[in-house]
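# Descriptive structure summary
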Amino acid sequence: MTMNFFRGVMGGQPAGPQPTGAETKYRLEVGTQAMDHLVHILQTDRSDSEILGYALDTLYNIICNDEEEEQDMAVAPPIPVSGKHKNVPVSDENAQKQDEDLGVLFTDKFLGDSENVTLLLTLLEEFDFHVRWPGVKLLTALLKNQCNQVQGVILVSPMGVSRLMDLLADSREVIRNDGLLLLQQLTKGNAAIQKIVAFENAFERLLDIITEEGSSDGGIVVEDCLLLLVNLLKNNSSNQNFFKEGSYIQRMKPWFEVGDDNSGWSAQKVTNLHLMLQLVRVMVSPVNSPGATSSCQKSMYQCGLLQQLCTILMATGVPADILTETINTVSEVIRGSQINQDYFASVNAPSNPPRPAIVVLLMSMVNERQPFVLRCAVLYCFQCFLYKNQKGQGEIVATLLPSTIDANSISAGQLLCGGLFSADSLSNWCAAVALAHALQDNLTQKEQLLRVQLATSLGKPPVSLLQQCTNILSQGSKVQTRVGLLMLLCTWISNCPIAVTHFLHNQENVPFLTGQISENLGEDERLVQGLCALLLGICIYYNDNSLENYTKEKLKQLIEKRIGKENFVEKLGFVTKHELYSRAAQKPQPVFPSPEQMLFDHEFTKLVKELEGVITKAVHKTSEEEKKEEEVKKTLEQHDSIVIQYKDLIRDQDTQIQELREQVSTLSLNSEQMQNQITQQQSQIQQHKDQYNILKLKLGKDSQGLSSSQGEGAHVNGLHSEELSQLREEVEELRRQHTLQHTQLSDKDSLINTLRCGAAAAAQTAEGGAGGSDNTELLGEVESLRSRVQAQCAEISQLQTERLELIRRAEAVSSAPASSRESSADTVPVSELESRLAAQTTEAERLKEECRGLREGHAGLEQQLASAQSTVAIEQTEKTKLQQEVQESKKEQDDLLMLLADQDQKILNLKQRLRDLGETIDEDEDELDARDHFGEDDDDDDDEEEEDEENND
C-alpha cells in the first residue's frame, strides 16, 4: 500500500483511481499530511534503498518549484484551516507565485528541524543511485527556496561541505552534473563556504572537468563549471589569491586558442567563451585590491593569456558579443599595468599595411554604424590603455602635433579629431572623453596639446584645437556634444595655468560662459549650465593673473554683477545632482542603457568632486583674503625651501652616519676575529709554557747526572779536569738561557694583552667616528694589528722549532752519563773514555753556537717589543684626536637640529594662520613633517645615549 502511494505521487497518479495530472492538485494535501511520515522513513528505513529513493523523490516533488511540473496547475488550493480547505480558483498570472510560496512553505516546514538537513547530508554518502541522486535534487531545491538557512546548517555540520564535494568525483555523470548545480546554489553569497569549497581542491577538479568536456567546445556541463568558478572567485580575495598561487591562471590559456576557421559558432560555445572571459575579468576587476589585480595582470602576461586574448581581438569571424566581451576583458587586463599596456601598444592588426590595434579600435568607436555596446567597449579599452600610462598619453598626443603628422597613414590623433568634429553626437562625446583621458593628470601633455593647429577651410588661417572646441561649443549643437566638449575643456585647463591663459585670451569665451550660466533654460540645459559654471570656476581657481582684463578679482566681480554668487554656486551644483552623475561615479566601465544617457565619464566625476568645494570657496573670497593668502603662500614657499634644504642636509648626514655605522660594524667584526686569533695564540703559548717547564725540569736532571758522571771519570783517570769544569759552566749557561727564554715568553704575554686592549680601543674609536678620513686611519690600525699577530705567529713557530731542538739535545746529553756509568762499572779502557770525552767537548761547542743564536733572537724580540710600545702610544694619541672630532661633529648636528626646530615652529604658526583664514592645508604634508620631526628627535636621543655610554666607559 505504501509503495503504491509513492508510485502514485511520483508517477502522476495518487493512490486509488484519480484523473491524470491530479498529483499537482494534491501537492498541498500530500505535503501537509505526509511530510512528517516521509522524514520518519528517512530516519528509520536506512536499509531499504528503494523506499528511501521514493521518499526523497516525493519530498522533492513537494518542495520543488520547477515550472515544468507546475505548469498544469490552474487551481491552487489555499492553506487548510483546522484540517479543511476549499479549492479557490486563481488567475494564471498568480499561479506561479502561489506555487513558489507553497514551495517556500514546505521548505520552512522541512527546515523546522535542522537535523533533517544533517540527515540528508548523511544519506548523500550512500552510493546507491536511487538514493544519492534524489537526495542531491532535494538539497538543491531546499537551497533554491531558503538558501541562507540551509547554508548555515551545512556550514556547522561536520564534514558537510566535504560530503558535497565528493559528488564531483562520482563516476555517474548525472550525479556529478547535478552536484555542480547543487554547489552553485550552495556557494551563492557565502564567503565562508566559498573558501571551504576552494580549499577542498575545487579548482583542480573543475578545471579537469572543463578539459575533459572539451573546454569552450564543450556542452552545458562546462557552463555549469564556469558558473561555479565565478561564484567561488567573485569578490573573494582569498580564493582569488589561492587561484593565482595555485598556477590555475596558466591553465586558462588553452581555453582561448581559437582556430583560423571561426565559422559556425554554436550558441553553447558562445555562452562558454563568454563565461570564460567573465572569469578572467573577475580576477582583474578594478574593484579588487590593487596589489591582487596587479599580480594577476602580471601572471596573465607571463603565461601568454593576454597575447591569446589580443589574437581573438584581431581575428575575423568572431561573433559581435564575444568580440565586445573580449575588448572589455583586454581592457581590464591592461588597466594600470605598464608592461601590459606597452604590449598592447605593440599589437598590430593583420591588415595590409599593418595598423596598430589601437587605431583599428578607434575606427570602430567613431563609426556610427557600429553597435552601441561595441563602441562603449572600445572607449573603455582606450581609457584603460591610458590609465596611469604617461608614456601612452604622450604617444597619443604626439600624433596630433605638427611635427609628427604623417599624411599617408591614419593615426589615433586624426581619428579622435575626426570624431570630435563629426556630425554624430555620440562620436563627438566618445572622442572628447578619449582625448580627455590622454590629458588626465599629465601637465606636460596639456601644454603640448596647445600647439595643435587645425585647418578649417581653404584660404583661412589655422586655428588651435582649443579655439575650435570653444567655437563648436558656442554654435549650440546637441546636448551630448556640448557636454563632451565641456568635460574635455575642464579636464584640459584644470591645474594648468598656461591653458587657462590661452582659454581666456579669446575675448568671446568668458561672455559666452556668463551668458549661458545667467539664462533661465529648461531641464535639459541645466547640466550644460552647471558645466559652464565649473569651467568658469576653473578659470578663476587656476588663474595666474597674467591677463589684466581677466584676473581672479575681475572674474569674480563679473560673476557677482552678471550672475550673482549664490546663483553661480546653485548652477554649479546642478552637475552633482544629476541622476546620471551618480551612476557614472560607481565604476570605471561606461555602461549605459541607451546612447542618449551617455553623458558623464567616471574620471570626470572624480574631477568634479575635487573641484566643486574649492571653486565655491574661491568665488566667495575677498581680495584682501586673497592677498593675505598669497603672502602666506609665498612665506610658506620660502620656509618650505629652507626646510627642504635642511631636510636634504639631514638626510645626507643620516646616509653618511649609516655608512659609517656599517663600516664600524665591519671593523668590529674584524676586531672580534682578531681577538679570537689572539685567544687561540694565548692557548698555544700556554701549551708551549707547559712543555717548556717540563723540558726545563728534564734538562736540570740530565745536567746533574752529567756532572756526577764527569766527576767519577776524572777521579778514576785523573785527566781532563779543566774540560769537565768547562762543560759544567756551559750547562749552567744553558740553564740561564732557558730562564731568559721563560722571561721573554712572559713579556710576550703582556704584549698580547696590550695589543688586545689597543684593538678594543680602536673599535670604540671607530664607532664614534664621523668622517671618511677617521675610518681610513682605523683601517690602517687594524691592518697593523693584523701584521703584528702574523709576526707573533712566526715567532711562536720559531720557539716551537727551538723547543724541539733543545729536547733532542737534552736526550743526547742524558745518554752520555749513562754510558759513562756503564763504562766505569765494566772497567772500560781509558782510551774509550777519552774518545767519549772528546765527543762531549764537541757537543759542548755546538751548544755554545746555539746559545749565541738564542741571544741574537732575544735581541730581535726586544726590538719588536719596543716597536709595539711605540705603536700603542701612537694609537692612544689618535684615539684622543678622534674623540675630539666626534664631540665637534655632535655639536654641529645639535646646532642644525635647533635651527630646524625653530623653522618647524614657524611653519606650524603660519599653517595655523592659514587655517584661521579658511585655507585648506594638506594633511599628508603635516603627517610627513610630523614624522620627520619625530625621526629627528629619535636621532637626538640616540646620540645622547651613545655619549652617555662613552662617558660610562
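A quick note: this is a predicted structure, and the numbers were derived from the prediction, not measured.

Regarding its fold elements, the protein presents 41 helices and four strands. When the 953 residues of the protein are sorted by exposure, 46% land in the buried category. Pairs at least 24 residues apart make up 73% of the contacts formed inside the protein by residues separated by at least 6 positions.

A few words now on the nonpolar core. Most often, soluble globular proteins keep nonpolar side chains buried together rather than apart. In this structure, Leu139, Leu164, Trp255, Phe256, Phe344, Trp492 and Leu534 are the most contacted members of the largest nonpolar core, which totals 199 residues. Considering every element that reaches this core, the biggest residue donor is helix α22 (residues 372-386), with twelve residues. With residues up to four places along the chain from it excluded, the contact list for Leu534 reads Cys490, Leu572, Phe604, Val608, Leu611 and Ile615. In terms of nonpolar packing, the next biggest core, distinct from the first, is built from six residues, Val632, Leu636, Val643 and Leu910 among them.

Applying the stated rule across the entire model yields eleven aromatic pairs. When the centroid spacing of 5.5 Å and the interplanar angle of 40° are considered together, the rings of Phe243 and Tyr248 count as tilted. Grouping residues by exposure puts Phe243 and Tyr248 together as buried. Taken together, the ring pairs in this structure connect Phe199, Phe203, Phe242, Phe243 and Tyr248 into an aromatic cluster. In this structure, Lys137 packs its charged tip against the face of Trp133, placed 4.1 Å from the ring centre. Over the ring of Trp265 we find Lys269, and its NZ or CZ is 4.5 Å from the ring centre.

Taken as a whole and judged by the stated rule, the model has 15 salt bridges. As a salt-bridge pair, Asp170 and Arg132 come within 2.6 Å of each other at their nearest N and O atoms. Of this pair, Asp170 sits in the loop between α10 (160-165) and α11 (173-186) while Arg132 sits in helix α8 (residues 129-145), and the two are 38 residues apart along the sequence. For Asp170, a relative accessible area of 7% puts it in the buried group. In this structure Arg132 comes out as buried when scored by relative accessible area, which is 9%. Notably, a salt bridge pairs Asp342 with Lys391, separated by 4.0 Å at the nearest N-O pair. With Asp342 in helix α20 (residues 338-346) and Lys391 in helix α23 (residues 390-398), this pair connects stretches of sequence that are 49 residues apart. One connected set of salt bridges, linked through shared partners, spans Arg132, Asp170 and Arg172.

With that out of the way, let us pick up the environment of Val150. Mapped onto the elements of the fold, Val150 is located in helix α9 (residues 147-156). For Val150, a relative accessible area of 0% translates into the label buried. Taking the C-alpha atoms as reference points, Val150 and Leu111, 39 residues apart in sequence, are found 7.8 Å from one another. Each residue touching Val150, except ones within four places of it in the same chain, is listed here: Leu111, Leu139, Leu142 and Leu143.

Here helix α16 (residues 267-283) crosses helix α19 (residues 320-334) at 15°, and the two axes come no closer than 9 Å. One way to sum up the angle between α16 and α19 is to call them roughly parallel. The hand of the α16/α19 crossing is left-handed. Only Asp321, Ile322, Glu325, Thr326, Asn328, Thr329, Glu332 and Val333 of α19 make contact with α16, whose side of the interface consists of Val270, Leu273, His274, Leu277, Gln278, Val280 and Arg281. A per-class count over the contact of α16 with α19 returns six nonpolar, five polar and four charged.

A word on a nonpolar patch on the surface. On the surface, Leu155, Val156 and Ile196 cluster together to form a nonpolar patch covering roughly 250 Å² of accessible area. The class for Leu155 is partly exposed, based on a relative accessible area of 35%.

On to the environment of Glu200. For Glu200, the location among the structural elements is in the loop between α12 (191-199) and α13 (202-212). By relative accessible area, which is 26% here, Glu200 ends up partly exposed. Along the chain, Glu200 and Val161 lie 39 residues apart, while their C-alpha atoms are 8.5 Å from each other. Apart from residues no more than four positions distant in its own chain, Glu200 is found in contact with Ser162, Met165 and Arg205.

Time to look at the packing of helix α31 (residues 523-541) against helix α32 (residues 552-562). At a closest axis distance of 9 Å, the pairing of α31 and α32 adopts a crossing angle of 150°. In terms of their interaxial angle, α31 and α32 are classed as roughly antiparallel. The residues of α32 that touch α31, namely those facing Leu536, Cys539, Ile540 and Tyr541, are Lys552, Leu555, Lys556 and Ile559. For the contact of α31 with α32, the per-class residue count stands at six nonpolar, no polar and two charged.

Its 15 residues place the ends of helix α4 (residues 49-63) 21 Å apart at the C-alpha level, agreeing with the 21 Å of an ideal helix rising 1.5 Å per residue. Turning to α4, its buried residues are Ile51, Leu52, Gly53, Tyr54, Ala55, Leu56, Asp57, Thr58, Leu59, Tyr60, Ile62 and Ile63. For α4, the N-terminal cap is Asp48; the gap from its side-chain oxygen to the backbone nitrogen of Glu50 is 3.3 Å.

A cis amide bond links Asn352 to the next residue, Pro353, at an omega of 0°. On the secondary structure map, Pro353 appears in the loop between β1 (348-349) and β2 (355-356). Here Ser215, not a glycine, exhibits a phi torsion of approximately 55°, which is positive. Here the phi dihedral of Ser247 falls at roughly 60°; this positive angle occurs in a residue that is not glycine.

Glancing now at the side chain of Asn340. With respect to the helices, strands and loops of the structure, Asn340 is situated in helix α20. Asn340 sits in the buried class, given a relative accessible area of 0%. Among the polar contacts made by the side chain of Asn340, one reaches the main-chain carbonyl oxygen of Gln297 at a distance of 3.3 Å.

This paragraph deals with a negative patch on the surface. Together, Glu885, Glu888, Glu892, Asp894 and Asp895 make up a region of like negative charge exposed at the surface. Residue class for Asp895 comes out partly exposed when judged on its relative accessible area of 48%.

Turning to helix α15 (residues 237-245), its buried residues number three or more, namely Asn239, Gln240, Phe243 and Lys244. Relative to the axis of α15, the buried residues are bounded by an arc of 135° and lie together on one face. Set apart from the buried face of α15 by more than 90 degrees, the exposed residues are Ser237 and Glu245. In this structure, the buried residues of α15 make contact with α12, α13, α14 (220-233), α16 and α17 (290-302). Downstream of α15 by a residue or two, Ser247 has a phi angle that is positive, lying close to 60°.

Along the chain, Asn506 falls in the loop between α29 (497-505) and α30 (509-518). A relative accessible area of 13% means that Asn506 is categorised as buried. A polar side-chain atom of Asn506 sits 2.3 Å from a polar atom in the side chain of Gln467. Ignoring sequence-local partners within four residues, the contact set of Asn506 consists of Gln467 and Thr470.

A few words on the state of the cysteines. One pass over the full model with this rule turns up zero disulfides. Free of any disulfide, Cys469 has its nearest neighbouring cysteine sulfur in Cys417, separated by 8.2 Å.

Here the protein shows a mean pLDDT of 79. Residues at 70 or above account for 73%. Considering only residues more than four positions removed or in separate chains, one finds that residues 68-93, a stretch of pLDDT under 50, has 31 contacts. Predicted confidence for residues 816-830 stays below pLDDT 50, and this span has 18 contacts to residues more than four positions away or in other chains.

Parameters at a glance
- Residues numbered from 1 in each chain as written.
- Predicted model: local features only at pLDDT ≥ 70, side-chain atom pairs only at ≥ 80, totals over all residues.
- Heavy atoms only, no water.
- Helix = DSSP H or I, 4+ residues; strand = E, 2+ residues; numbered from the N terminus.
- Buried < 20%, exposed > 50% of the residue type's maximum accessible area, 1.4 Å probe, protein only.
- Contact = heavy atoms within 4.5 Å.
- Core = buried A, V, L, I, M, F, W, Y, C linked by side-chain atoms within 4.5 Å.
- Phe/Tyr/Trp six-rings, centres within 6.5 Å; stacked < 30°, edge-to-face > 60°.
- Lys NZ or Arg CZ within 6 Å of the ring centre and 35° of its normal.
- Salt bridge = Lys/Arg side-chain N within 4 Å of Asp/Glu carboxyl O.
- Axes fitted to C-alpha atoms, helices over the stretch in contact; angles between N-to-C directions.
- Parallel < 35°, antiparallel > 145°, perpendicular 65-115°, else oblique.
- Left-handed = near helix turned anticlockwise from the far one by under 90°.
- Nonpolar A, V, L, I, M, F, W, Y, C, P; charged D, E, K, R; others polar.
- Patch = residues over 30% accessible without salt bridge, like charges linked within 9 Å, V, L, I, M, F, W, Y side chains within 5 Å.
- Areas by Shrake-Rupley, 256 points an atom, 1.4 Å probe, with all protein chains shown as cover.
- Expected span 1.5 Å × (residues − 1).
- Polar contact = N/O pair within 3.5 Å; in protein donor to acceptor, adjacent residues only side chain to side chain.
- Lys, Arg positive; Asp, Glu negative; His and termini not counted.
- Charge placed at Lys NZ, Arg CZ, Asp CG, Glu CD.
- Arc of directions from axis to C-beta.
- Disulfide = S-S within 2.5 Å.
- pLDDT = per-residue confidence, 0-100.

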